[in-house]
Amino acid sequence: MSFETQVKTRRTFAIISHPDAGKTTLTEKLLLYGGAVNLAGSVAAKKQQRQATSDWMALERQRGISITSTVLNFEYNGFHINLLDTPGHQDFSEDTYRTLMAADSVIMLLDNAKGVETQTKKLYQVCKRRGIPVVTFINKLDRPGREPLELLDEVEQLFGIRTCAFNWPVGMGDTFKGVYDRREKKLHTFERTDHGKYKAPVSVADVHDPAVKAQMPEYTYNQLVEEIEILDMAGEEFSHELYLEGKMTPVFFGSAANNFGVELFLAQFLQLAPEPSHRKANNGEVDPASPTFSGFIFKIQANMDPQHRDRIAFMRVCSGQFSRDMQVKHPRSGKMIRLSHSHRLFGQDRETVNEAYAGDIVGLSSNDQFAIGDTLCNGPAFEFEPIPSFAPECFAMLRNPNPSKYKQFQKGIDQLRQEGAIQVMYFQDSGQRNPILAAVGRLQFEVVQFRLLSEYGVDTQLENLGEYTHARWLVGDQDALDKVEWIVNARKAEDADGRIVALIKGEWALNYMMEKNPHIRFQDTPY
Ligand SMILES: Nc1nc2c(ncn2[C@@H]2O[C@H](COP(=O)(O)OP(=O)(O)OP(=O)(O)O)[C@@H](O)[C@H]2O)c(=O)[nH]1
Ligand SMILES: [Mg+2]
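Residues numbered from 1 in each chain as written. Chains lettered and ligands numbered in written order. Predicted model: local features only at pLDDT ≥ 70, side-chain atom pairs only at ≥ 80, totals over all residues.

J.: Talk me through the overall build of the protein; I want residue IDs and the actual numbers.
T.: Secondary structure summary: the protein contains 14 helices and 31 strands in total. In terms of overall dimensions, the protein is globule-like: its C-alpha atoms have a radius of gyration of 25 Å, near the 24 Å expected for 527 residues. In terms of principal-axis extent, the alpha carbons of the protein reach across some 85 × 50 × 45 Å. A buried classification covers 45% of the 527 residues belonging to the protein. The long-range fraction of contacts in the protein, counting pairs at least 24 apart against all pairs at least 6 apart in sequence, stands at 68%. (Helix = DSSP H or I, 4+ residues; strand = E, 2+ residues; numbered from the N terminus. Rg over C-alpha atoms; globule rule 2.2 N^0.38 Å. Buried ≥ 20, exposed ≤ 12 C-beta atoms within 10 Å, placed from the backbone. Contact = placed C-beta atoms within 7 Å.)

J.: Residue-level account of the packing of helix α2 (residues 23–33) against helix α10 (residues 262–272), with values.
T.: Remark: α2 packs on α10, axes separated minimally by 10 Å, with the N-to-C direction vectors making an angle of 75°. Relative to α10, the element α2 is oriented roughly perpendicular. Contacts from Leu26, Lys29, Leu30 and Tyr33 in α2 reach Val262, Glu263 and Leu266 in α10. Looking at the contact of α2 with α10 residue by residue, the classes come out as 5 nonpolar, no polar and 2 charged. (Axes fitted to C-alpha atoms, helices over the stretch in contact; angles between N-to-C directions. Parallel < 35°, antiparallel > 145°, perpendicular 65-115°, else oblique. Nonpolar A, V, L, I, M, F, W, Y, C, P; charged D, E, K, R; others polar.)

J.: Break down the nonpolar core for me, with residues and values.
T.: If you look at the biggest cluster of nonpolar residues, it comprises 94 residues, and the most contacted ones within it are Val106, Ile107, Ile297 and Met315. Among the elements that line this core, the one with the most residues is strand β15 (residues 311–319), at 6 residues. Two domains share this core, each providing at least three of its residues, namely domain 1 (3–272) and domain 2 (288–377). Grouped together as the second largest cluster of nonpolar side chains are 36 residues, Ile413, Ile422, Phe445 and Ala493 included. (Core = buried A, V, L, I, M, F, W, Y, C linked by C-beta atoms within 7 Å. Domains from an automatic or database assignment.)

J.: Can you explain the site of ligand 1? Please cite residues and give values.
T.: Close contacts around ligand 1 come from 24 residues, with Gly22, Thr24, Ser66, Gly88 and Ala257 the closest. Here the shell around ligand 1 takes 3 residues from α2, the largest share from any one element. A per-class count over the shell around ligand 1 returns 8 nonpolar, 11 polar and 5 charged. (Near = placed C-beta within 6 Å.)

J.: Describe in detail the pairing of strand β18 (residues 335–339), supporting the description with residues and values.
T.: Sheet topology places strand β17 (residues 326–330) next to β18; 5 bridges connect them, and they run antiparallel. Bridging from a neighbouring strand, lysine 329 pairs with methionine 336 of β18. Count of turn residues in the β17/β18 antiparallel hairpin: 4 residues, of which glycine 334 carries a positive phi of about 75°. (Pairing = 2+ DSSP bridges.)

J.: Explain the packing of helix α11 (residues 406–418) against helix α12 (residues 443–456) to me, using residue names and the numbers behind them.
T.: Put simply, α11 and α12 touch, their axes get as near as 10 Å, and they point 125° apart. Classified by the interaxial angle, the pair formed by α11 and α12 is oblique. When you trace α11 past α12, the crossing you get is right-handed. Here Gln408, Lys411, Gly412 and Leu416 of α11 lie close against α12, whose contacting residues are Val448, Arg451, Leu452, Glu455 and Tyr456. (Left-handed = near helix turned anticlockwise from the far one by under 90°.)

J.: Give me the lowdown on the pairing of strand β29 (residues 490–495), citing residues and values where you can.
T.: In the sheet, strand β25 (residues 423–427) pairs with β29 via 3 bridges, with the strands oriented antiparallel. Note that in β29 the partner of tyrosine 426 across the bridge is glutamate 494. Bridge count between β29 and strand β30 (residues 500–504): 5 bridges; the pairing is antiparallel. If you follow alanine 490 over to β30, its bridge partner there is isoleucine 504. In textbook terms, the turn of a hairpin is the stretch between consecutive antiparallel strands, and for β29 and β30 this stretch comprises 4 residues, one of which, glycine 498, has a positive phi near 85°.

J.: Can you tell me about the sheet that holds strand β8 (residues 178–181), naming the residues and giving the values?
T.: Reading across the sheet, the 4 strands line up as β7-β8-β9-β10 and stay open at both edges, with antiparallel pairing between neighbours. Pairing within the sheet leaves two strands with one partner each, and these edge strands are β7 (167–170) and β10 (202–203). In the sheet, strand β9 (residues 186–189) pairs with β10 via 2 bridges, with the strands oriented antiparallel. Among the inter-strand pairings, lysine 186 is bridged to a residue of β10, identified as serine 203. Along the sheet, helix α8 (residues 218–234) makes contact with β7 and β8, crossing β7 at roughly 155°.

J.: An account of the sheet that holds strand β26 (residues 436–439) is needed here, citing residue identities and associated values.
T.: Sheets are built from strands paired through backbone hydrogen bonds, the pairs being either parallel or antiparallel. Here we have 8 strands laid out as an open sheet, ordered β27-β24-β26-β25-β29-β30-β28-β31, and antiparallel in their pairing. Each edge of the open sheet is held by one strand with a lone partner, namely β27 (461–464) and β31 (521–523). Neighbour-to-neighbour, the strand axes of this sheet turn through a mean angle of 40°, independent of strand direction. Pairing geometry for strand β28 (residues 470–475) and β30, over 4 bridges, is antiparallel. Within the sheet, the bridge partner assigned to alanine 471 lies in β30 and is leucine 503. Relative to β26, α12 is tilted by about 130°, and along the sheet it contacts β24 (394–399), β26 and β27. Along the sheet face, helix α14 (residues 507–516) touches β28, β29, β30 and β31 and points at about 140° away from the line of β30.

J.: Provide a residue-level description of the domain arrangement of the protein, including the pertinent values.
T.: Accessible area lost on assembly of the parts is the figure often given for the size of an interface. Domain parsing of the protein yields domain 1 (3–272), domain 2 (288–377) and domain 3 (394–523). Between the C-alpha centres of domain 1 and domain 2 the distance comes to 30 Å. Only α1 (3–8), β1 (10–16), β2 (70–76) and α4 (93–101) provide two or more residues apiece to the side of domain 1 that touches domain 2. Grouping the constituent residues of the side of domain 1 that touches domain 2 by class yields 8 nonpolar, 10 polar and 4 charged.

J.: Kindly report on the environment of valine 126, identifying the contributing residues and their values.
T.: Secondary-structure assignment places valine 126 in helix α5 (residues 118–130). For valine 126 and tyrosine 527, which are 401 residues apart along the polypeptide, the C-alpha to C-alpha distance reads 20 Å. In contact with valine 126, other than residues within four places in its own chain, are Tyr97 and Leu100.

J.: Could you give an account of the confidence of the model for the protein, with specific residues and numbers?
T.: Taken residue by residue, the protein gives an average pLDDT of 90. The fraction at 70 or more is 95%. The low-confidence segment residues 38–50, where pLDDT is below 50, has 20 contacts with residues more than four positions distant or belonging to other chains. (pLDDT = per-residue confidence, 0-100.)

J.: I'd like a rundown of α12, residues and numbers included.
T.: Between its first and last C-alpha, α12 extends 19 Å over 14 residues, near the 20 Å set by a 1.5 Å rise per residue. Here α12 has its buried residues at Leu443, Gln444, Phe445, Val447, Val448, Arg451, Leu452 and Tyr456. Along its buried surface, α12 packs onto α3 (58–63), β24, α11, β26 and β27. The positive-phi residue at the C-terminal boundary of α12 is glycine 457, with phi of around 70°. (Expected span 1.5 Å × (residues − 1).)

J.: Could you give me a rundown of unusual backbone geometry, with the residues and numbers involved?
T.: A positive phi angle, close to 65°, is found at asparagine 259, a residue other than glycine. With respect to the helices and strands, the residue asparagine 259 is situated in the loop between β11 (248–253) and α10. Here aspartate 325, not a glycine, exhibits a phi torsion of approximately 80°, which is positive. Turning to its location among the elements, aspartate 325 is positioned in the loop between β16 (321–323) and β17.

Here it is in structure tokens:
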């Protein structure tokens, strides 16, 4: 296969939504068609042996929620797919935002009973800002939900985007019969069985074809005809151009848990979804078809494989060809680095990968110098646009009551910090060196405690520091930093890299502290 074809057949996308809309369930079902898992692990059937490939972390399996994004590589119909399943919970949204940096397009899931929810809105805004094309999948049609036309309207109103329904549901909840494919003019009917089987699609001339009518009760049929007519009249013509510009979203209906409408969706989605896109860098744009290798690290994860206990840096290839053992520039350190341990990822499983192309996501192990946001390249050195980071709003002190576990505790804290889900600080005005954890959401603390115990064997105690609401990195001349005036409601801390941080109790105190120190910049992130 030519280099050009390799790049053109890559599809790299993320699945996003509010918690529980069914991202991991849809991911599992998409994998089925890639032949990647024989029996997709069911999120609902947690107690059984089968487990969701995508939710691999112990705590994810225990709770049935996604905590960290997962990369899954598979092939389907000649496409090389890099799928990113993201967590919906806002406490883990930093990970989701970073993962979006590695994707060229997005599948946005909606729960048909709930429509657009808070977290969906926030995530959509990120896609909009970056101009990422979005396909909408309205899930859980096997359950009663809101009127499909009303859902389309909500997406249009809230997001200021046009919608174009590719298929249309026939009935809903108990009366759900299947979907009508508006483009192919095929009726896909669904049979309510234990395993959510469905019949082979019926090709029809259009919605007035007697074969359509024969498949369903009269009331359902009349409703379908009416809605299709409304869509044909008032709905938008599909424009691939508008979709790629992020101004129109194709909409699909289905039921991921029942595996209904999923293959149809995958096939059409892959035709729509864009190839690897150009990427912004400090020396202009990087063309995916350029022969010179480049990529960036967007995620770091320790202990994915309990057998290896190592750390994986996830690299998105942006141009050229990656080959195992190649030497690349690491502009942040100015060093050359050999990439010898490269993996194709599949949830927690991995296999050695020898080559990869723009769009691919490769897991690199044994390179402990990598940090989130690092560029790797050949040719003239440059750096990709920075990966966004977020201001922590929750703080807690962590104690290790067992001195014999000191080493494991330090190592655990250090590795989890490098993953970027938490920041670590230390108070400067006290003798004790208990780490203070700072995160975007409280759930991260639970994750840290759980992982310290399950991955490092350290049982810890957490002391909430709920009185603190803001952390600000103080930046300025050394002279100014030496003379910082501390107020009663602020406490001096230092982060893991020795930068000065003020932990502050409340908005008012923050403003007061800033007024007192006009020569200092108060940054809400370290950089
Ligand atoms: N009835 C019905 N339930 C579904 C469907 N798809 C998913 N579910 C259920 O919805 C729940 C949440 O599914 P997940 O796939 O874990 O949702 P998620 O979006 O990955 O959630 P987070 O990753 O935690 O944000 C599970 O109990 C699923 O079984 C569907 O089509 N119909
Ligand atoms: Mg999930």
